[in-house]
Each structure stands twice: as structure tokens, then as C-alpha cells.
Amino acid sequence: MQSCVKTAIGKVEMADIPTPTPGPGEMVVKTTLATVCGSDMHFLDGLPTELLVFLYSDLAGFIAGLPGLPMGHEGVGTVHAVGEGVTRFQPGERVIASCLYGCGKCIQCSTGDYSMCTGGGRVLFGTQSEYFLIPFADINAAKVPDEVSDEQAILATDIMSTGFAATERAEMKIGDSVAIFAQGPVGLCATAGARARGAGLVITVESVPERIEASKKFGANVVINPKEKDPVSEITNLTNGQGVDVAVEAVGLQETFEQASRAVRRGGTLSSIGVYGVLPQVCMPTTAPSFYHRKVVMTFCPCGHDRLAHLLDIIRYGKVDLSPLFTHRMKLSQAPEAFDLFRSKREGVLKIALTP
Ligand SMILES: [Zn+2]
Ligand SMILES: [Zn+2]
């Protein structure tokens, strides 16, 4: 089958690799939609390789014998084959899988923290292929209702879950003020999530023109361009000198983390959903008014079948539609070009739909 694989640091190519066959508890899905994500860039550029090896010592074995690491962790498709012991799925059903899968048995999985699995779960790889394999399928996949499109459903596998979790894990109350630093795809999902959860004033920080426009559409009342104004003093002014109830860091940079930590009110919550890689060090300025009394919450994409089902219900019944994030549509065979485009942030790119 055709698959987009990492052949060198920073480089992907289309390659012919064996179509996976499902072992016990696994299922193989025929891809109908895949997409490129900011996290793909982390895996591609090699920065977190140490981190990956630290987290997943069996990764080397996983990719042995293949031309490289099959890329992509966000995918939708129809069940092609189920392995022994899979009980919740049948061939032909339309499904999605969480971008991080859990074993379903370890301590973390038993408390529902599937993305923190220590029992053999890790990042799903290989959705940018004609077929992809879902391990521990009963735990990590969900059926997609007919009313939900592929483009809507695929966002639930990663960035919608992460973005919505920003205010959810911050325990944001209705009417709370929220500031979100960076309006890339994940930040925009955080903006939509804050709005859906009942935020009051939503302030976002972004400098790319198309992302400023998207941010307003997704629910921001005010967008601050950090190239024109200092976001922290603007946020302070907009909240009567108090700072916001919840400040969200959504890109994974030291600078925005520090800004978010200075923009939160005394007693407020700093919520970070950015992926930092191995560097930078994250530090919190001790001069911020909220330094001595605030909550800090870090969140890695909440996963698992129940999470997916809840997000699909928000799309289906809550009429939350994040599919305008798809700015580009290409064939799977053009995946290497899609990576170049995504990395360049040209043409207002947010999400690129890849179809076989
Ligand atoms: Zn992703
Ligand atoms: Zn587990």
C-alpha cells in the first residue's frame, strides 16, 4: 500500500509498504481521510526523538523493516479487518481512532487517562496511508454517526479534544474571561471550546492575518496582534487591571507560556496545551500578580473511545462545526507537498485534508 513515510530528519516521501494485518485486539481501517498536524512536524524534525525513545522504547522495533516511520496520527476510515477478540466493531463501519492509544489495562488507562498509558500505548502512526492499524481497538476507536462528516470527525481524534480540554481541565466557569495565546489549528479549537463551554470575554493572541479572521469566526471577541501591541498589557487593560480567569498557552513556546502566566488573574488558571518538545525550559515569571496563588494545568490530548464519543456528540447534537479549519484538500499521494505547505504556513493553511 502507499504510505507517507519519514525517510530522513525533516523529510517525507511516498513509499510502498506492507498493508497491515490485525493481530489480537487490533483492527485495520481503510483510510478515507487523513490530515497533517503540528505534532507531525515534531516527529519529522527529530527534536523530540529522545523524548519518543524515552517514552516508547519499543519504537525502534516498530519501524524496523520499513523504509521509515509511517506518518500521520489523525485518520478516519472504514473497518477493513478485525483481529481476534475485537468485539465492538465490524468490517464496513466508519470509525475514528484517538491519536494516542491506551492499553486499557494499566493504572492510567483504568482511570480513563488513556493518553498517559504506561502499558504499551503510545502515538498512533500511519494514518497517512491507504490502510492504518488501530491497536487495542475496542479501547481506542469509536463509530462515526452518519450525520458527522469525515472532516468533522477527524478533528475529534486530536486537536478538537486537545483544544476543548484547555478550558475543560481549567474548570472554566460560565462567563469566565479567557485569553488564548496562538491561533493555529489547536488554538482555534481552544477558542471554539471556550465559546462552546460558555465563556464570557474571549481574547486571542495571533499575528497571521488568516488566523486572526478565523479566530473571530471561532468565537474571539478581541484578537491582539503581538507584532503591534504587548498582549499582556492589552489583556490587563481589557480585564480592568485584573487579568483573565483562564489563560491558555496553545503553541508550546517559552515566550507564550510566560505571557500566559503573566496574563492570568490572581487565583486564576494557567492552562497549557502546547507541545514543547525537549526544549525549551518552561519558566514562570515570579513578578506576575498571580504567582503565589493560581492553578497551572498541563494537558496532553485526552483520548479513548468514551472521549471520542463525547466529542462526536458535541458535533452531532451541539452543532459545533470545526470543519472550516480545512483550508486545503489534496490527494494522499501529495502528502509530501502537504507537509511543505503546512510547515510554510503559506496560503492561510490551517488543516489539509488528504484523501486516497
Ligand atoms: Zn495531531
Ligand atoms: Zn494503558
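Residues numbered from 1 in each chain as written. Chains lettered and ligands numbered in written order. Predicted model: local features only at pLDDT ≥ 70, side-chain atom pairs only at ≥ 80, totals over all residues. Heavy atoms only, no water.

## Considerations on the side chain of Asp-158
Tracing the backbone shows Asp-158 in the loop between helix H6 (150–156) and helix H7 (159–169). If near-sequence neighbours (up to four positions away) are discounted, Asp-158 is found in contact with Cys-37, His-73, Glu-74, Cys-99 and Cys-301. (Helix = DSSP H or I, 4+ residues; strand = E, 2+ residues; numbered from the N terminus. Contact = heavy atoms within 4.5 Å.)

## A few points about the side chain of Arg-211
Looking at where Arg-211 falls in the secondary structure, it is placed in helix H9 (residues 209–217). For the buried residue Arg-211, which engages in no salt bridge, the nearest side chain bearing the opposite charge is Glu-206, 4.9 Å off. Excluding residues within four positions of it along the chain, Arg-211 makes contact with Gln-183, Gly-184, Pro-185, Leu-188, Glu-206, Lys-345, Val-349 and Leu-350. (Buried < 20%, exposed > 50% of the residue type's maximum accessible area, 1.4 Å probe, protein only. Lys, Arg positive; Asp, Glu negative; His and termini not counted. Salt bridge = Lys/Arg side-chain N within 4 Å of Asp/Glu carboxyl O.)

## Points about the packing of helix H1 (residues 38–45) against helix H13 (residues 335–344)
Packing of H1 against H13 brings their axes to within 11 Å, and their N-to-C directions diverge by 105 degrees. In terms of orientation, H1 and H13 fall into the roughly perpendicular class. From H1, Gly-38, Asp-40, Met-41, Leu-44 and Asp-45 reach across to H13, where they touch Phe-339, Phe-342 and Arg-343. When grouped by side-chain class, the residues that make up the contact of H1 with H13 number four nonpolar, one polar and three charged. (Axes fitted to C-alpha atoms, helices over the stretch in contact; angles between N-to-C directions. Parallel < 35°, antiparallel > 145°, perpendicular 65-115°, else oblique. Nonpolar A, V, L, I, M, F, W, Y, C, P; charged D, E, K, R; others polar.)

## Observations concerning the environment of Met-160
For Met-160, the position within the fold is in helix H7. Separated by 33 residues in sequence, Met-160 and Gly-193 have C-alpha atoms that sit 8.0 Å apart. Those residues in contact with Met-160 that lie beyond four places of it in its chain are Leu-155, Cys-189, Leu-311, Ile-314, Ile-315, Val-320 and Leu-322.

## Here's the deal with the packing of aromatic side chains
Taken as a whole, this structure holds two aromatic pairs when the rule is applied. Between Tyr-101 and Phe-136 the ring centres are 6.2 Å apart and the planes differ by 45 degrees, which places this aromatic pair in the tilted class. Taken as a pair, Tyr-101 in strand E7 (residues 100–101) and Phe-136 in the loop between strand E9 (131–134) and helix H5 (137–140) lie far apart in primary sequence, 35 residues in all. Judged by centre distance (5.1 Å) and plane angle (80 degrees), the rings of Phe-291 and Tyr-292 are edge-to-face. Exposure remark for Phe-291: the relative accessible area of 27% places this residue in the partly exposed category. The ring of Phe-89 has Lys-143 lying over it, and the distance from NZ or CZ to the ring centre is 5.9 Å. (Phe/Tyr/Trp six-rings, centres within 6.5 Å; stacked < 30°, edge-to-face > 60°. Lys NZ or Arg CZ within 6 Å of the ring centre and 35° of its normal.)

## Side note on the coordination of the zinc ion (ligand 2)
The zinc ion (ligand 2) binds to the protein through Cys-103 (SG), Cys-106 (SG), Cys-109 (SG) and Cys-117 (SG); the donor distances cover 2.2 to 2.5 Å. Every donor counted, the four donor atoms about the zinc ion (ligand 2) form angles of 102 to 117 degrees at the centre, which fits tetrahedral coordination. (Donors = N, O, S within 2.8 Å, 3.2 Å for Na, K, Ca; no water. Tetrahedral: all angles 85-135°; square planar, octahedral: opposite > 155°, others 65-115°.)

## What to know about the layout of surface pockets
Space inside the second largest pocket adds up to approximately 430 Å³. Looking at the second largest pocket, it is lined by 22 residues, and the ones nearest its centre are Phe-164, Glu-168, Arg-169, Pro-302 and Arg-307. At the level of secondary structure, the elements contributing two or more residues to the lining of the second largest pocket comprise H7, helix H8 (185–197) and helix H12 (305–316). Counting residues per element, the lining of the second largest pocket draws most heavily on H12, which supplies five residues. Considering only residue class, the lining of the second largest pocket consists of 10 nonpolar, six polar and six charged. (1 Å grid on protein atoms, 1.4 Å probe; cavity = no way out; pocket = protein on both sides within 12 Å on 5 of 7 lines; lining within 4 Å. Points joined across faces, edges and corners; volume = space filled by probe spheres on them.)

## Remarks on the pairing of strand E11 (residues 178–181)
If a strand is regular, its side chains alternate between the two faces of the sheet. Burial along E11 is two-sided: the residues Val-178 and Ile-180 and Ala-179 and Phe-181 are all buried. Two elements, E11 and strand E12 (residues 202–205), share four bridges in a ladder whose sense is parallel. Within the sheet, the bridge partner assigned to Val-178 lies in E12 and is Val-202. Remark: the E11/H8/E12 crossover connection has right-handed handedness. Pairing between E11 and strand E14 (residues 244–249): four bridges, direction parallel. (Pairing = 2+ DSSP bridges. Right-handed = clockwise from strand over helix to strand, strands pointing away.)

## Re the pairing of strand E17 (residues 326–331)
Examined bridge by bridge, E17 and strand E18 (residues 351–355) share five bridges and lie parallel to one another. Looking across to E18, one finds that Met-330 is bridged to Leu-354. Between E17 and its parallel partner E18, the chain crosses via H13, and the hand of that crossover is right-handed.

## As for the state of the cysteines
Taken as a whole and assessed by the stated rule, the structure comprises zero disulfides. Unpaired in terms of disulfides, Cys-99 finds its nearest cysteine sulfur in Cys-301, a separation of 3.8 Å. Unpaired in this structure, Cys-189 has its nearest cysteine sulfur neighbour in Cys-37, at a distance of 9.9 Å. We classify Cys-189 as buried; its relative accessible area is 0%. (Disulfide = S-S within 2.5 Å.)

## So, the sheet that holds strand E2 (residues 11–16)
Whenever strands of a sheet pair, they do so through backbone hydrogen bonds, lying parallel or antiparallel. Judged by pairing direction, the sheet is antiparallel, and its three strands sit side by side in the order E2-E1-E4 without closing on themselves. The outermost strands of the open sheet, each flanked by one partner alone, are E2 and strand E4 (69–70). Of the pairings in the sheet, the one linking strand E1 (residues 2–8) to E2 comprises six bridges and is antiparallel in character. Within the sheet, the bridge partner assigned to Ala-8 lies in E2 and is Lys-11.

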